[in-house]
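Observations on the model geometry
Each chain, letter by letter, is given below.
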Amino acid sequence: MELFVQTVVSGMLVGGLYAAIGVGLSLVFGIMGLTNIAHGSLMILASFFVMFFSRQVTGGVVTALLLTLAIMALIGALTQGLLINRVLDKGPESALLVTFGLAIIAQNVLQLVFGADYKSISSPFASVNVIDTRWVIVSGEYMVNFLVSVAMLLALHLMIRKTRLGRSIRAAASNVVAAELMGVDTKRAYIYAMCLAMLTGSMGGLLVGQTFGFYSYSGMSYLIIAFGVVVIGGMGSILGTLIGGFILGLAQLLGAYFFGPGVQVLVGYLALLVILALRPRGLLSNMTRK
Amino acid sequence: MGARTSGIRQIGGAPGPRGGWAARKPLVLAAAVVVLALLPLYASDYGISVGILIFLYMSLGQMWNLLAGYSGLVSLGQQAFVGIGGYTLAMVTQAYHMSIALSFFIAAGVSLAFALVISFPIFKMSGVYFTVGTWIVSEALLVFFRNWAFVKYDAGYNITVAYRISMPALYLGALAVGLGATALVYFILRSRMGLALMAIRDDESAAEARGVRLYRTKLACFLISSVYTGITGVVLYLNITYVKPGAAFGIDWTVCMVFIVVIGGLGTIEGPVIGAVIYVILRQYTYNFPGISMIMLGVAAVAIIMLAPEGIMGAVHGRFGFRLFSTERRPPPGTGPRQYPEDAADV
């Protein structure tokens with residue numbers, strides 16, 4: 001029973017982190033209908049940036065993170081402005097294949113520069129337990145992951161709902177022609193959206209890099225987690241992403257609890273496929289794009 | 001991918017300026033096949049091994065193109081069938097000591113059964129959900145094989161029977177698979193089903209309104225592509241001779257298929273042929289610089305989607321009007337749309 005409680009708590013905590021990994025993907029899909037295959041690889045790129053800057057340039061994780069956020073926002077803006085915006089009108093497959101190409105480029109460049117070894121970012125919270133009772137033990141690291149992720153999702157939600165920028169992004173998402181008639185530069189709104197996605201992805205990259213470690217090809221497995229979260233929660237819904245994260249995290253850890261740790265990932269995938277088969281557009285999604 | 005020219009081209013009575021070529025085409029193609037089949041007689045071992053790869057990747061490309069280029073089913077999960085082919089070969093020959101020939105039939109059967117089973121959930125999803133769903137299916141299969149005692153978990157199998165196959169024999173097998181895939185796609189497109197596919201590609205709802213059965217046509221394409229990819233997987237693993245879950249069910253297979261088709265030309269029969277030649281040669285030349293070839297392929301694919309979204313073959317066709325395998329057809333007399341002079345001149 002103690003183990004079960006622990007499993008549920010861990011599942012929820014990991015789920016929060018999964019939501020942080022997935023929210024950028026969800027945002028980009030909801031706003032421009034693009035499935036960003038490069039999301040995971042760009043996230044891992046951010047992990048490498050944080051690792052590199054904190055070791056070689058700044059010495060601290062916080063300054064390294066700020067530097068990484070700036071660079072990743074720039075990368076997002078350039079990718080969107082120079083590549084994706086130009087093929088978006090030609091149909092969803094072209095843009096999807098561009099991001100697929102970007103993912104392959106990113107992970108192979110990382111492999112070339114940093115080699116194929118596992119890396120990690122040191123975390124000051126790794127060895128501290130913030131909750132330590134008979135029922136449940138929570139390490140500081142997981143708690144920080146969870147809190148940062150939830151705070152980030154809430155901030156993003158408020159930003160999309162309440163600010164002028166968020167309003168222009170939502171306008172571009174719901175009706176391109178009407179938004180442009182009202183004076184919204186939709187292509188520019190897409191660039192902002194991609195920057196936001198890159199910022200959340202960088203945070204996800206930092207947290208994942210501290211908790212699980214990463215190597216150049218990790219991006220694809222995190223992309224699948226991101227897909228899982230987004231598909232369960234419904235593409236384009238930020239709070240749905242959080243619920244999707246909880247469900248996937250719980251499914252994985254409960255799967256490990258009942259059937260052994262080897263099938264943890266498999267149970268997550270099967271839960272995903274079942275949900276997709278029953279609700280082909282995601283569990284919480286009742287909106288359809290256009 | 002935008003509307004393309006319709007499958008039916010209106011040709012006025014005259015056979016057109018390329019009538020001579022049309023008459024000689026079967027002969028030229030037959031001669032080309034003979035030259036290719038005799039390659040082991042005049043090529044080095046290295047040349048033969050490159051030939052094997054080209055034809056096998058050609059087959060993978062053709063089958064992915066049949067899905068993505070003609071049926072609109074952009075799948076990122078076809079590596080599942082490569083893995084099924086490889087593991088069937090390993091289990092049939094290593095664990096049960098039966099013949100290689102049998103593993104082709106079993107691989108085809110297992111691929112068909114698996115494709116049928118997953119088609120129920122997968123075909124409920126559309127668009128990107130289909131793309132993601134197929135990928136998750138094959139990732140799940142990868143994890144399943146890693147935890148399956150029957151296939152020795154992650155340890156994999158040495159396929160020792162493959163050592164006894166000579167290079168020329170393997171080459172002929174690869175040639176048959178590669179050209180067979182090309183011919184198969186050609187005949188599918190020339191068939192009634194091909195017409196249905198092109199109608200779906202150009203306008204899905206219009207096609208359905210005119211009586212095309214969307215689900216059945218797409219399912220048939222998915223099954224054909226999956227079975228043939230499984231058979232290709234058997235030959236691929238006769239060449240690789242060592243099967244392991246991570247490599248057999250890896251996304252890398254689909255990465256190759258996507259690049260081959262996108263570079264060559266999505267939705268053209270010649271595209272995967274050209275794409276496979278470029279892919280294999282590029283990979284061989286950059287063999288000593290691991291990683292570089294994938295980066296170059298990535299850059300090439302992005303550049304081609306940006307600059308020439310129809311791929312090399314699309315660009316060639318757009319500029320010169322040349323097509324080796326035309327899937328266009330003439331309407332039977334009296335049934336086609338009314339012919340206008342400017343249409344006839346537009347050939």
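Residues numbered from 1 in each chain as written. Chains lettered and ligands numbered in written order. Predicted model: local features only at pLDDT ≥ 70, side-chain atom pairs only at ≥ 80, totals over all residues.

Regarding the overall build of chain B
To keep it simple, the criterion reads: Secondary structure is summarised from DSSP: a helix means a run of H or I of at least four residues, a strand means a run of E of at least two, and numbering begins at the N terminus for each. Placing a C-beta atom from the backbone of each residue, one calls two residues in contact when those atoms lie within 7 Å.
The number of helices and strands found in chain B is 16 helices and two strands. Within chain B, contacts between residues at least 6 apart in sequence are counted, and of these 79% link residues at least 24 apart.

What to know about the overall build of chain A
Note the cut-off: Note on method: radius of gyration uses C-alpha positions; expected globular size equals 2.2 Å times residues raised to 0.38. Three exposure classes are used. Buried residues have 20 or more other C-beta atoms within 10 Å of their own C-beta, exposed residues have 12 or fewer, and partly exposed residues fall in between, all C-beta atoms being placed from the backbone.
Assigned secondary structure in chain A consists of eleven helices and two strands. In chain A, the succession of helices and strands from N to C terminus is α-α-α-α-β-β-α-α-α-α-α-α-α. Since a compact globule built from 290 residues should have a radius of gyration of about 19 Å, the 19 Å found for chain A is in line with a globular shape. Here the C-alpha coordinates of chain A stretch approximately 60 × 50 × 35 Å along the principal axes. Burial status across chain A gives 55% buried among its 290 residues. When contacts within chain A are restricted to residue pairs at least 6 apart in sequence, long-range pairs at least 24 apart make up 74% of them.

Thoughts on the interface of chain B and chain A
Facing the 35 residues of chain B at the interface are 37 residues of chain A. Listed by contribution, the elements that provide at least two residues to the side of chain B that touches chain A are α6 (128-146), α12 (252-264) and α14 (292-307) of chain B. It is α6 of chain B that provides the largest number of residues to the side of chain B that touches chain A, a total of eleven residues.

Some remarks on helix α4 (residues 79-95) of chain B
One full turn of an α-helix is made of 3.6 residues, so residues set three or four places apart face in the same direction. All names here are of chain B. Convention followed: To estimate the expected span of a helix, subtract one from its residue number and multiply by 1.5 Å.
Over its 17 residues, α4 extends 23 Å from the first C-alpha to the last, a length consistent with the 24 Å expected when each residue adds 1.5 Å. The buried fraction of α4 amounts to 15 of the 17 residues, a majority that puts the element mostly inside the structure. Phi turns positive one or two residues past the end of α4, at His97, with a value near 55°.

Notes on the packing of α12 of chain B against α14 of chain B
Residue and element names in this part refer to chain B. To keep it simple, the criterion reads: Lines fitted to C-alpha atoms define the axes here, with helix axes fitted over just the stretch in contact, and angles between the N-to-C directions of these axes take values from 0 to 180 degrees. What sets the label is the angle itself: under 35 degrees gives roughly parallel, over 145 gives roughly antiparallel, 65 to 115 gives roughly perpendicular, and the rest give oblique. Left-handed describes a crossing whose near helix is turned anticlockwise from the far helix by less than a right angle; the clockwise case is right-handed. Under the scheme applied, nonpolar residues are Ala, Val, Leu, Ile, Met, Phe, Trp, Tyr, Cys and Pro; charged residues are Asp, Glu, Lys and Arg; polar residues are all the others, including Gly.
At a minimum axis separation of 9 Å, α12 and α14 run at an interaxial angle of 40°. The orientation of α12 with respect to α14, classified from their angle, is oblique. Crossing angle aside, the handedness with which α12 passes α14 is left-handed. Contact residues: Phe259, Val262 and Ile263 in α12; Leu297, Ala300, Ala301, Ile304 and Ile305 in α14. Of the residues in the contact of α12 with α14, the class split is eight nonpolar, no polar and no charged.

Considering the nonpolar core
To keep things clear, this is the line we draw: Put simply, a nonpolar core is buried Ala, Val, Leu, Ile, Met, Phe, Trp, Tyr and Cys residues tied into one set by C-beta atoms within 7 Å.
Ile21, Val28, Val50 and Ala193 of chain A together with Tyr57, Phe259 and Val262 of chain B are the most contacted members of the largest nonpolar core, which totals 199 residues. In this structure, Val50 of chain A is in contact with Val61, Ala64, Leu65, Thr68, Ile121, Gly205, Leu206 and Gly209 of chain A, ignoring residues within four places of it in sequence.

A look at helix α8 (residues 186-211) of chain A
All names here are of chain A. A rise of 1.5 Å per residue sets the reference length of α8, with its 26 residues, at 38 Å; its end C-alpha atoms lie 37 Å apart and thus fit the reference within 8%. The buried fraction of α8 is high, at 23 of 26 residues. Positive phi appears at Gly213, one or two residues downstream of α8, with a value of about 80°.

A look at the environment of Asp132 of chain A
For Asp132 of chain A, the location among the structural elements is in strand β1 (residues 129-132). Each C-alpha atom of the pair Asp132 of chain A and Gly240 of chain A lies 30 Å from the other, and the pair is 108 residues apart in sequence.

With respect to the confidence of the model for chain B
All names here are of chain B. To keep it simple, the criterion reads: Each residue carries a pLDDT value, the predictor's own confidence for that position, ranging from 0 to 100.
Of all residues in chain B, 87% have pLDDT values of 70 or greater, and the mean over the chain is 84. Low pLDDT, under 50, characterises residues 1-16; the predicted model gives this stretch 34 contacts beyond four residues in sequence or across chains. Confidence drops under pLDDT 50 across residues 343-347; counting only partners more than four residues distant or on other chains, this segment forms eight contacts. Two summary scores accompany this predicted model of the complex, namely pTM at 0.85 and ipTM at 0.82.

So, the environment of Ala300 of chain B
All names here are of chain B. Tracing the backbone shows Ala300 in helix α14. Judged by C-beta crowding, with 17 C-beta atoms within 10 Å, Ala300 ranks as partly exposed. Sequence separation of Ala300 and Ile263 is 37 residues, and the distance between their C-alpha atoms is 7.4 Å.

A look at the packing of helix α1 (residues 2-32) of chain A against helix α9 (residues 218-233) of chain A
All names here are of chain A. Here α1 crosses α9 at 70°, and the two axes come no closer than 8 Å. Classified by the interaxial angle, the pair formed by α1 and α9 is roughly perpendicular. α1 and α9 meet at a crossing whose hand is right-handed. Contacts from Tyr18, Ala19, Ile21, Gly22, Leu25, Ser26 and Phe29 of α1 reach α9 at Tyr222, Ile225, Ala226, Phe227, Val229, Val230 and Gly233. Taken together, the residues of the contact of α1 with α9 break down into eleven nonpolar, three polar and no charged.

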